[in-house]
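This is what each chain is made of:
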Amino acid sequence: MRITFERRLRQPRWLSVAVPVGSVVFAFFLAGLVLLATGHNPLSTYRQLFDAAFLQTGSLTQTLISATPLAFTGLAAAAAFRMKLFNIGAEGQLYMGAIFGAAAGLYLGGTGSSSPFVIAAMVVTGCVGGTLWALIPGVLKAFFKTNEILTSLLLNYVAALVLTYLIFQSQSYWRETKGFNASVFPVGKQLPPSAVWPSWTIHIQGGVTVPLGAVLAVLAAVVLWVLYARTRFGFEARVLGDSERAARYAGVRVRRKILAVMALSGAIAGLGGASQVGDFAHSIDGDPNGLQKLGYGYTGIVIAALARYNPFAVVVVAFLIGGLENAGNTLQGVDFPAGLVGVIQGIILFSALGGEVLIRHRVRIVRTKKRAAAAGAEPAS
Amino acid sequence: MNNSLLIVLIASGVAYGTPLLYAALGELLAERSGVLNLGVEGMMLVGAVMGFWTVQHVHANAGIALAAAVVVAGLVGAALSAIHAFLVITLRASQIVSGLALTIFAGAVGLSSYLGNDLNLSGAPATHTFSAVFPASMQRWPVIGPIVFGQNVLVYISWGCVVGIWLYLSRTRPGLNVRAVGESPAAADTMGINVTRYRYVHTLVGGAFAGVAGATITLAITPQWVDGITGGAGWIAIALVIFAFWRPELCLVGAYFFGALQALAPQLQARHISLGPTVLWTNALPYVMTIVVLVIVSSGTARSRLGAPAALGNPYAREER
């Protein structure tokens, strides 16, 4: 008996929903085994997880705080991976967006309520910061054919060092130098009131706060969907992802496309950084155990893969994974060791990848008549 | 003389470069068989945490405890790479995404952090560590003293591994078969070589090397456990394989060069030498230099002599060739 994989000629639609859902279920089953092996009760852990993520009062507000940056990094990864351009640098591009966005906010902001002008400036500079950082691996890929996976990833470490340097190891523009607290522990300068991004309250579950960033993320998903599904740009990018030779033959300018998609991906991640500062932190977090420990950029890759690079699915998956992250932060302790969330995410990604095989291939179990058939088919050596 | 910056940098370059060398050799074996494994960073971290755990919990003399730690680290590395091997060899999933998944699963915010927290490993120093093998009098010899005789046993074993892998790939039948599998799996298959088995074995052995590389960090270089202790060494190791044109002897040179770059920051701080934003550029130097060397290697005339296995990254399916 042998198991063979046959390539499907047509990929059924329902499978592209069923397989990711199945992967999540399977991942929680496997993670349950990890929990059992390390002496925890998976069922009660999962119930706590679900409560803390979506059901308790205030949990949805917290979940949105985790989900917003994840939606941006997920979209950034989806935009690039769609073209098989593996930008692993959303993490660093998010930091750069935060640094640039914060600079605009600190410089332009003043007293009074949120100012649309200042916020627009922060959005633009955030995108610029992310784009510039993403264009380093982009240019190296386009002109020197340097592997973008390694360059974009190594730049994450450099961006993290820059972030820490600005707050902890220098007297930079971003660092608070006045006041008692600042002399005890280095902190970032607080944004002036008019640079703080607005939010809206929905009256369910005792009030759910929707930050401006979450709205911008949904808008970015719409733009990305239109771009990839309805424009020549997106079509060419998809062709290039499938076959570079076909794309060249069809007259696609490969270099220009690499630069454009890398810039787009970086801009979305950078916008996530600006939102991180404007919506939530209101200052630059240079602590190596703070923003850098959250690994939003890496989780974004999990989200993009699970969403099969569909922008709308990215938003939905980011919300769910955001719930998982939020619950992980809330529950962290003896019963819920740090790192468990990462383990679950890793297993989800593995299962989604394995599931991809089911979408692409038909699995058949072939019964072979033993020895006789085999001996007949192969001449004796 | 032995305290001059250059000698100290070379000597600590050898020490700091050893985990890079182990990880690069492991990745080289996997890539020579055609399997790209981007999970090195994750496998190193889990190897590091489990090696450290073993040393803390095996109540035996230092030699046995340390040997057990290296074995455990190798086994967990191999076990993790088995997940990658199954996904990319048997299920033919994308090698890039699967490797990334392995690093996310096992990495700084995943399994290694989970194990470190659940087993309460942070805070305490290692009970046993690898220390210099040769007597102190030999270590005082000028130049070669600190560089050659001042090292721990893992360094000397790694030299053996370089020679062994070089001989294996160039002088033995299975070694030549691996290269065939990495260059042209279809041709290798026709010759009667079991492509699947070769790829599995080399991916698993590569994973074991990565696990040992991680243990080298927590048991010899910085004998303690903190989340994300490898700090991107796994990624530098992957880049090293590219600079080394997939040759083990060049991995050694590259690993020591990048080891010395990593040693630069603490050395300059200890000697109160500063030049501009010293903390920033010395810490960033290994990453930036990796990118610079990658660009040099991947562009222009060097490209034609690259030596990358032709089938690297491609799944092999007999019925689809």
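Chains are numbered independently. Their residues run from 1 in the order of the written sequence. As they are written, the chains are lettered A onward and the ligands numbered 1 onward, keeping that order. Since the coordinates come from a predicted model, pLDDT governs what is reported: local features require at least 70, and pairs of side-chain atoms require 80 or more to be given and counted, while whole-chain, interface and lining totals use all residues.

Engineer: Would you explain the overall build of chain A in this entry?
Structural biologist: Strands are runs of DSSP state E lasting at least 2 residues, helices are runs of H or I lasting at least 4, and numbering of each runs from the N terminus. When helices and strands are tallied, chain A shows 16 helices and four strands. Once the C-alpha set of chain A is aligned to its principal axes, its extents read approximately 85 × 55 × 40 Å. Backbone-placed C-beta atoms define the burial measure: a residue is buried with 20 or more other C-beta atoms within 10 Å of its own, exposed with 12 or fewer, and partly exposed in between. Looking at chain A as a whole, 51% of its 381 residues qualify as buried. Relative to all contacts within chain A whose residues are 6 or more apart in sequence, the contacts with residues 24 or more apart total 78%. A pair of residues counts as a contact when their C-beta atoms, built from backbone coordinates, are within 7 Å of each other.

Engineer: Hey, could you run me through the overall build of chain B in this one?
Structural biologist: Along the backbone of chain B there are 14 helices and zero strands. Seen in sequence order, chain B has helices and strands lined up from the N terminus as α-α-α-α-α-α-α-α-α-α-α-α-α-α. All radius of gyration figures rest on C-alpha atoms, and the globule criterion is 2.2 Å times the number of residues raised to 0.38. Here the C-alpha radius of gyration of chain B, 20 Å, is about what a compact globule of 321 residues would show, namely 20 Å. Dimensions of chain B along its principal axes, counting C-alpha atoms only, are 60 × 50 × 40 Å. Scored against the burial criterion, the 321 residues of chain B give a buried share of 52%. For chain B, the share of sequence-separated contacts (at least 6 apart) that also reach a separation of at least 24 residues comes to 78%.

Engineer: Would you explain the interface of chain B and chain A in this entry?
Structural biologist: Taken residue by residue, the interface counts 39 residues in chain B and 42 residues in chain A. Elements represented by at least two residues in the side of chain B that touches chain A include exactly α3 (62-90), α4 (95-106), α5 (111-118), α12 (233-243) and α14 (278-298) of chain B. Looking at the side of chain B that touches chain A element by element, the count peaks at 11 residues for α14 of chain B. Just so you know the grouping, Ala, Val, Leu, Ile, Met, Phe, Trp, Tyr, Cys and Pro go in nonpolar, Asp, Glu, Lys and Arg go in charged, and all remaining residues, Gly too, go in polar. Tallied by class, residues from the side of chain B that touches chain A come to 27 nonpolar, nine polar and three charged.

Engineer: For this particular structure, what's the right way to read the environment of Gly 99 of chain B?
Structural biologist: Residues and elements named next belong to chain B. Inspection of the secondary structure puts Gly 99 in helix α4. Once the C-alpha coordinates of Gly 99 and Thr 129 are considered, the two residues, 30 residues apart in sequence, prove to be 31 Å apart. Those residues in contact with Gly 99 that lie beyond four places of it in its chain are Leu 36, Asn 37, Leu 38, Gly 39 and His 84.

Engineer: Explain the confidence of the model for chain B here, please?
Structural biologist: In low-pLDDT segments, the atomic positions of the prediction should not be examined closely. Within chain B, residue pLDDT values average 89, and 97% of them lie at 70 or more. Here the prediction assigns the complex a pTM of 0.90, and the interface score ipTM is 0.89. Each residue carries a pLDDT score, the predictor's own confidence in it, on a scale running from 0 to 100.

Engineer: In this structure, what is going on with the pairing of strand β2 (residues 199-202) of chain A? I would like to understand it.
Structural biologist: Along any regular strand the residues' side chains alternate between the sheet's two faces. All names here are of chain A. A strand pair is defined by DSSP finding two or more bridges across the two strands. Bridging between β2 and strand β3 (residues 208-211) involves four bridges; their strand directions are antiparallel. The partner of Trp 200 across the bridge, within β3, is Val 210. Linking two consecutive strands that pair antiparallel, namely β2 and β3, is a turn of five residues; a positive phi of about 50° is found at Gln 205 within it.

Engineer: What is the right way to read unusual backbone geometry from this model?
Structural biologist: With the exception of glycine, most residues fall at negative phi, and the peptide bonds are largely trans. Phi angles above zero are rare outside glycine, and His 282 of chain A is one such case at about 60°. Among the secondary structure elements, His 282 of chain A is positioned in the loop between α11 (254-281) and α12 (291-294).

Engineer: It is not clear to me how the nonpolar core should be interpreted in this structure. Could you clarify?
Structural biologist: One broad rule of soluble globular proteins: the nonpolar side chains tend to lie buried together. One finds Leu 75, Ile 99 and Val 314 of chain A together with Ala 23, Ala 24 and Leu 240 of chain B to be the most contacted residues of the largest nonpolar core, which totals 222 residues. Nonpolar cores are built from buried Ala, Val, Leu, Ile, Met, Phe, Trp, Tyr and Cys residues. These are joined into a set through C-beta atoms within 7 Å. Counting residues in each nonpolar core, the second largest holds six residues, with Val 178, Val 181, Ala 188 and Val 195 of chain B among its members.

Engineer: Whenever I open this one, the confidence of the model for chain A confuses me. Can you help?
Structural biologist: All names here are of chain A. Here chain A averages 88 in pLDDT, and 96% of its residues register 70 or above. For chain A, per-element mean pLDDT is lowest for helix α16 (residues 371-377), which scores 48, and highest for helix α8 (residues 212-230), which scores 96. This model gives residues 372-381 a pLDDT under 50, and the stretch forms one contact once residues within four places in sequence are excluded.

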